[in-house]
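Structural overview
Okay, here's what each chain looks like letter by letter:
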Amino acid sequence: MPTPRITELPDEARSLIEKASGRITDVGTVHGGLNSSIAVIVQTSTRTLFVKGLPLDHPRVWTQQREADIAPHVRGIAPDLHWFVEADGWSLLGFQHVEGRHADFTLNSPDLPAISGAMAQLVEIPVPRIELKTMAHRLRSYVDDPADLMWFQGDSLLHTEWNPQNLLITDAGALFVDWGWASTGAAWIDPALWLLWLIAHGHTPEQAEGVASAHPAWKLAPPAGLDALARAQQRLWDSIADQSPDEWAQPMQAAALTWNMHRHQR
């Protein structure tokens, strides 16, 4: 479920930011994204930062630690992390502020090659020795046959959350943000999850699979594994849409249904 956004920076959080980066001279709230109570662009006496945070008692506060742990391993395809602090009721991450815009996933978008290129770089990053869930574990509740989970096993680092607001398009290419749900699994899972978002933004299943096929691991994707993932994703997005009143959930539910039908009508 999305996390309500705080529009006024709490005094405790302000104090923590100033201890880490100097006196704050300006704060601008970022309205995009779904997972942070605090998301602000902060100008201090020494630098400009993007700061995201959750209360320490938030049920998903663990994603903050996950992002802090993974940040050193994804330099070059993600904004640099300057600091991470947990104190006074808050968990805060202070990132390099990057000038960019969110990705365009529509048909023939000029952003798609840059995203594919950054995804190819992600494939080359070894799985860091940090605590990460496996995709088989994450999808265990969405399969009929537990044997289907074997298709999702692998030793690749995956981002998995391909909402266009998690991708920044800059003059230099694409950067990935919001690594709280990074996982391990078969390398072809990331482009397969991305194509659901492409379908939700106007691609046909054939067109979306065509875009995904630029990913270097796509040719290794077993058809039966893609079929199993399509079934699991339909169940997952049915569950999300049933629980969420937000407008983004229903298009993703429809996209997952469309892809699953496509995979099983071949």
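Below, the structure is looked at part by part. (Residues numbered from 1 in each chain as written. Predicted model: local features only at pLDDT ≥ 70, side-chain atom pairs only at ≥ 80, totals over all residues. Heavy atoms only, no water.)

Here we take up the sheet that holds strand β8 (residues 156–158). The strand order across the open sheet formed by 3 strands is β7-β11-β8, and the pairing between neighbours is mixed. The strands lining the two open edges of the sheet, one partner per strand, are β7 (133–134) and β8. As paired strands, β8 and strand β11 (residues 183–185) are joined by 3 bridges and run antiparallel to one another. Considered in β11, the bridge of S156 is made with G185. (Pairing = 2+ DSSP bridges. Helix = DSSP H or I, 4+ residues; strand = E, 2+ residues; numbered from the N terminus.)

As a further point, take the nonpolar core. Counting residues in each nonpolar core, the largest one holds 57 residues, and the members touching the most others are I115, F152, W179, W188, W194 and W259. No other element matches helix α5 (residues 189–200), which puts 9 residues into this core. Filtering out sequence-adjacent residues up to four positions away, W188 remains in contact with W151, F152, A217, W218, L220, A221, P222, G225, L226 and L229. Of all hydrophobic cores here, the second largest spans 13 residues; its members include I24, I38, V40 and L92. (Core = buried A, V, L, I, M, F, W, Y, C linked by side-chain atoms within 4.5 Å. Buried < 20%, exposed > 50% of the residue type's maximum accessible area, 1.4 Å probe, protein only. Contact = heavy atoms within 4.5 Å.)

A full pass over the atoms with the stated rule returns 8 salt bridges. D178 serves as the salt-bridge partner of K52, at 3.5 Å between the closest nitrogen and oxygen. In this pair, K52 sits in strand β3 (residues 48–55) while D178 sits in the loop between β10 (173–176) and β11, placing the two residues 126 residues apart along the sequence. By the burial criterion, K52 is buried, and D178 matches it. The shortest N-O distance in the salt bridge between R263 and E209 comes to 3.1 Å. Remark: E209 occurs in helix α6 (residues 205–212) and R263 occurs in helix α8 (residues 249–263); sequence separation between them is 54 residues. What makes R263 buried here is its relative accessible area of 6%. (Salt bridge = Lys/Arg side-chain N within 4 Å of Asp/Glu carboxyl O.)

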